[in-house]
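Coordinate inspection notes
What follows is each chain in one-letter form.
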Amino acid sequence: MKRKRLLSIVLTGIMVFSFIGCNSGKPGKIVDITYDLPEVNWGEGLFDGKTLIDDHFEEDEEFVWETYANEGVFTMAREDGKMVANIENAGTLDYSCQLYRDGFELNQDGVYEASFTIACDIERPMQWRFQLNGGDYHAYYIEDYVPIGPQTRRITATFTMEEETDPAPRFCFNLGIFNDMENVPHKVYIDDFNLTLLDSSNAKAAPEEEAPNAIKVNQVGYKTTDNKKVVLTSKDYIESFDIVNVETEEVVFTGSFDEKATISKNGDGKTFMGDFTEFAEEGRYYISVEGFDPSYTFAIADDVFDDITKATVRMLYLQRCGCEIPADAAGAFAHGACHNTNAKIYGTNDYIDVTGGWHDAGDYGRYVVAGSKTVADLFLTYEDCEASHGDDYDIPESGNGVPDILDEARYELEWMLKMQASNGGVYHKVSCAVFPGTVMPDEETDELIVSPVSVTATADFAAIMAKASKIYKEYDAAFAQKCMDAALKAYAYTEANAAADTGFVNPADIVTGEYPDDQNTDEYLWASVELYLVTGDSKYQSKTRDLVNQTFKAGLGWADMGDYAMYDYLKAKGYVETPVEITTPDNSAPGPDDVKAYYDSLSDEEFIKVKFSEKMKLFAESALDYSTTDSYFSSMRIYPWGSNMTIANNGILYVMMYNLTGEEIYDEYARYQIDYLLGVNAVAYSYVTGYGDNAAANPHHRPSQAVGSAMPGMLVGGPNTSPADPVATKVLAKKVGGSCYVDNDAAYSINEITIYWNSPLIYLLERYK
């Protein structure tokens, strides 16, 4: 970590600093503090003297500063043309109270001048720094223990950016606690913040982005019997392509591209599709097209997906919380037992045991709604994909006679059972108050806090526990009964509280993942369906009909669970071809009253079957319309946060529709979603770490960041057309659609991982391996 102090301190004016006592006062005469280099050589740089930041904090000026708190309590505001930090409690760390600013660039070997005025009600030290905005957040330039007090001071520093150009760094004022400082309420006043590029003569611009490989293939590969597609991005039509054996460098097959081009929706122009399905010889290959770089390599083999499938399942094992992950099972990602202290129930002095479960994502929080979606996908995989019943995935339970996919799901379920309160409600999550630094799981030792009960978590819990009671009955009847008992308690809580629910909101002093959802109808529906299918009790089917008559969200995401309910019901009761034919006495077109009369005449079961069939068909056909007209088989045009989950989810949706209807096109395009995720996409990335010549290698995932290499088998979030982190916002400003991707561990809105992004991919890989 480079923290070289380039500058000597020259104090001008009368400066007396005292840390004895905490006398308050008002900002007074300005005194300069200058951190100075030898005379700056301005050179002949094009951007010499360019002002990068010029903040004066006037009311009519855009205000772009933000706050971060870690055990500190403070607010930030503009007062009388100054930025004011009102610190009530300075916390326990120097960065417990932090003001920060993004939105600028630091170029390697550029010489910069930073300056600002600052004052404080009390005499105290502070720290200011330019730093990496992610990873280990190390400083590019830092001034530590800078004394401030009632006398307003102008601080100026000149420094050289010694590291590689950073297009999205961060500037911070750290105003937390320091040694020899009394922790009392006070205010810090900051004004006239300026950053200037003094000398750009040697500055290096950010490296130019390399264009993606124009030849897109599934970088893991294809089974011998798969449909095999290649996509070429080219402004002109190219007639043919060659498949070349990696070992011998011999051309083993020549194919042709379709003459008709598809205009990509991702800003990369025209694309042409090639087909090499008929080539089925096992081996390792690449595709060659005259005038283009060769494609990334790929394999053709009947076991081509075996390794990646195991890795995506084992990712869940490596995300386990509360237990040791030994080196012989995890290599560099081994760690001791973590998060194994009792957790405080928020707003009380009560502590409970909530050890276990999976770390949700790149941080170490554990969330019931996220875990429910993940387990739901594993249960679907177990039910729909016989290949998933193996007992040899190299987890501790392997060889115990229970499919490993159920062993892994049970690890999460055991934790979820601990999250149920005595009244049947289920606590939304357990985490620390803030996100951890770049540390391994056993190095996050802050107090664990159990957040309040939420209806969405409770209804999800009821659904997944009801389903667990059926699935585990043949393996462990006592555990199955425990799940059913818990499901019934949770359902009763949902019945009593769903109508008045407004959704979970983070308590004010907890900043970890919120997973907000103010619509609980889909979760309630899912719970009602699963309990009906397990118990046969008609009251649950009646409630299902009531909920179907309301608006509920379809989908397979943590916030929209409707497809889980609809698919399980239709699998059990039968799919109905829609639209249904509604006749009238005079054979005229049915009006609204005729339609209402038809639906009112149906039994609960027939009504639910028709409505579920209609809704699933509508959503599947909408997604399929996109997939069949997209250059890369993508089922979307707008790419949300976690778009790769949506791609994988829609792959599951296609399989569901194939299972219900037998329509081959759904099966074909479900398989193509794997191709998209493994390299047939606008940026030619395999989005699964460790798999593919050009695989995502810098995930926002603390163990990977701490170790310095990516844990294999993780599906990253993927393109995001509305990036929400500074790095992605800066570097993707001119990108569109599926090109909005950057492989950077600071780009958390693009490159984070989660258990519930892996789980739909597990389903697809188990289905097609």
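Just above, that's the structure.
Everything in this summary refers to the structure shown in the same document. As the structure is a computational prediction, the values presented were derived from the model and not from experiment.

**Considering the pattern of salt bridges**
- Under the definition given, this model contains 30 salt bridges.
- Residue aspartate 353 is joined to lysine 418 by a salt bridge in which the shortest nitrogen-to-oxygen separation is 3.5 Å. Of this pair, aspartate 353 sits in the loop between β24 (351-352) and β25 (366-367) while lysine 418 is found in helix α4 (residues 404-418), placing the two residues 65 residues apart along the sequence.
- Note that aspartate 476 is salt-bridged to arginine 410, the shortest N-O span being 3.0 Å. Here aspartate 476, found in the loop between α5 (455-471) and α6 (477-497), pairs with arginine 410, found in helix α4; they are 66 residues apart in sequence, far enough to count as distant.
- A single network of salt bridges, built from pairs that share partners, joins Glu383, Asp384, Lys467, Lys470, Asp568 and Lys571.

**Remarks on the sheet that holds strand β28 (residues 449-450)**
- Pairing in this open sheet of five strands is mixed, and the strands run β24-β23-β28-β27-β25 from one edge to the other. Edge positions in the sheet fall to β24 and β25, since each has one partner strand and no second.

**Remarks on the pairing of strand β9 (residues 124-131)**
- Within β9, eight of the eight residues are buried, which leaves the element mostly enclosed by the surrounding structure.
- Burial along β9 is two-sided: the residues Arg124, Met126, Trp128 and Phe130 and Pro125, Gln127, Arg129 and Gln131 are all buried.
- Judged from the seven bridges that link them, β9 and strand β10 (residues 139-148) form a sheet pairing that is antiparallel. Bridge pairing links methionine 126 to valine 146 in β10.

**Considering the pairing of strand β5 (residues 73-79)**
- Pairing geometry for β5 and strand β6 (residues 82-89), over seven bridges, is antiparallel. Within β6, the position partnered with alanine 77 by the bridge is valine 84.
- The hairpin formed by β5 and β6 contains two residues between the paired strands, and aspartate 80 there has a positive phi angle of roughly 55°.

**Overview of the sheet that holds strand β4 (residues 66-69)**
- In spatial order, the strands read β4-β7-β12-β9-β10; together these five strands make up an open sheet with antiparallel pairing. The sheet terminates laterally at β4 and β10, the two strands that pair on one side only. Pairs of neighbouring strands in the sheet enclose a mean axial angle of 20°, with direction left out of account.

Parameters and conventions
- The residue numbers shown here count from 1 along each chain, following its written sequence.
- This being a predicted model, a pLDDT of at least 70 is required before a residue's local features are given, and a value of 80 or more before pairs of side-chain atoms are given or counted; all residues contribute to the totals for chains, interfaces and linings.
- The side-chain figures draw on all heavy atoms in the structure; neither hydrogens nor water molecules are used.
- Salt bridges are defined by distance alone: a side-chain nitrogen of Lys or Arg within 4 Å of a carboxyl oxygen of Asp or Glu.
- Each helix is a run of DSSP H or I of at least 4 residues and each strand a run of E of at least 2, with the numbering of both proceeding from the N terminus.
- Pairs of strands are assigned from DSSP output, requiring at least two bridges between the strands.
- Here's how the labels work: a residue is buried when its accessible area is under 20% of the maximum for its type, exposed when over 50%, partly exposed in between, all with a 1.4 Å probe on protein chains only.
- A fitted line through C-alpha atoms serves as each axis, taken over the contacting stretch for helices, and the angle formed by two N-to-C directions is quoted from 0 to 180°.

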